[in-house]
Amino acid sequence: DAMVIQNPRYQVTQFGKPVTLSCSQTLNHNVMYWYQQKSSQAPKLLFHYYDKDFNNEADTPDNFQSRRPNTSFCFLDIRSPGLGDAAMYLCATSRDPTELYNEQFFGPGTRLTVL
Amino acid sequence: AQTVTQSQPEMSVQEAETVTLSCTYDTSESDYYLFWYKQPPSRQMILVIRQEAYKQQNATENRFSVNFQKAAKSFSLKISDSQLGDAAMYFCAYRSGSVFMRFGAGTRLTVKP
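So, a few notes on the structure that sits alongside this text. From a predicted model like this one, the values you see are computed outputs, not experimental measurements.

Re the layout of surface pockets
Alright, step 1. The computed volume of the largest pocket comes to approximately 450 Å³.
Alright, step 2. Around the largest pocket, the lining is made up of 21 residues, and of these Gln37(A), Met88(A), Arg111(A), Gln39(B) and Arg108(B) lie nearest the centre.
Alright, step 3. Reported here for the second largest pocket is a volume of approximately 250 Å³.
Alright, step 4. Listed by contribution, the elements that provide at least two residues to the lining of the second largest pocket are β5 (44-50) of chain A together with β11 (102-103) of chain B.
Alright, step 5. Looking at the lining of the second largest pocket residue by residue, the class counts come to seven nonpolar, one polar and four charged.

Here is the structure:
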């Protein structure tokens, strides 16, 4: 089945130690998104890639970076995790973002713990 | 700025009964879509139903239907004949040309057998 895969499902890191979360998709979608979801809160869009074009949300901290080496893979890098970065990180994909009706397909998320 | 508000943090329903989840939004845009997503425990979020702002007819998908009141900026989700598998977090979301996806805070639905 076509899907969005996130690895690992659970990640523990230390305060200030860089960490990378990965996402892959078999849907061949143009767009890949990264969301941060803290407990009992709405998922918050961090950034997205439309093909190779990177689009950062205005309020995404510089501590968060992303890479998309090819259509299938996208990575979220947190350069110096703080305690406030502990959250669920969701990856999503969609087709042409200019079509408003296109739904986003989500992965199961990676829960990040910062010690 | 476009905002999405879900005023019910938690709801519960008896199996086979009907429940309505509320969502209101604020926008000055005329062209947008509204979505309801379901996030079961420890599983990925999936689309339940979507509604185009220009369509007056309310969307329906099997047991799921919406009540879209554009003037009131209201977009509620009705789940009929609730099943145990409907237990999840439900997120209302807004999408437009300037907003890729803005979610509400969610409503946790419990289904009682």
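Re the nonpolar core
Alright, step 1. Counting 26 residues, the largest nonpolar core has Tyr25(B), Trp36(B), Phe75(B), Leu77(B) and Tyr90(B) as its most contacted members.
Alright, step 2. Of all the elements in the fold, those that place two or more residues in this core are β3 (19-21), β5 (32-39), β6 (46-52), β8 (64-69), β9 (74-79), β10 (88-96) and β12 (107-112) of chain B.
Alright, step 3. Per-element accounting of this core gives the leading share, four residues, to β10(B).
Alright, step 4. Formed by 19 residues, the second largest nonpolar core is a distinct cluster that contains Ala92(A), Leu47(B), Phe91(B) and Met101(B).

Scoring rules and cut-offs
Residues numbered from 1 in each chain as written. Chains lettered and ligands numbered in written order. Predicted model: local features only at pLDDT ≥ 70, side-chain atom pairs only at ≥ 80, totals over all residues. Heavy atoms only, no water. 1 Å grid on protein atoms, 1.4 Å probe; cavity = no way out; pocket = protein on both sides within 12 Å on 5 of 7 lines; lining within 4 Å. Points joined across faces, edges and corners; volume = space filled by probe spheres on them. Helix = DSSP H or I, 4+ residues; strand = E, 2+ residues; numbered from the N terminus. Nonpolar A, V, L, I, M, F, W, Y, C, P; charged D, E, K, R; others polar. Core = buried A, V, L, I, M, F, W, Y, C linked by side-chain atoms within 4.5 Å. Buried < 20%, exposed > 50% of the residue type's maximum accessible area, 1.4 Å probe, protein only.

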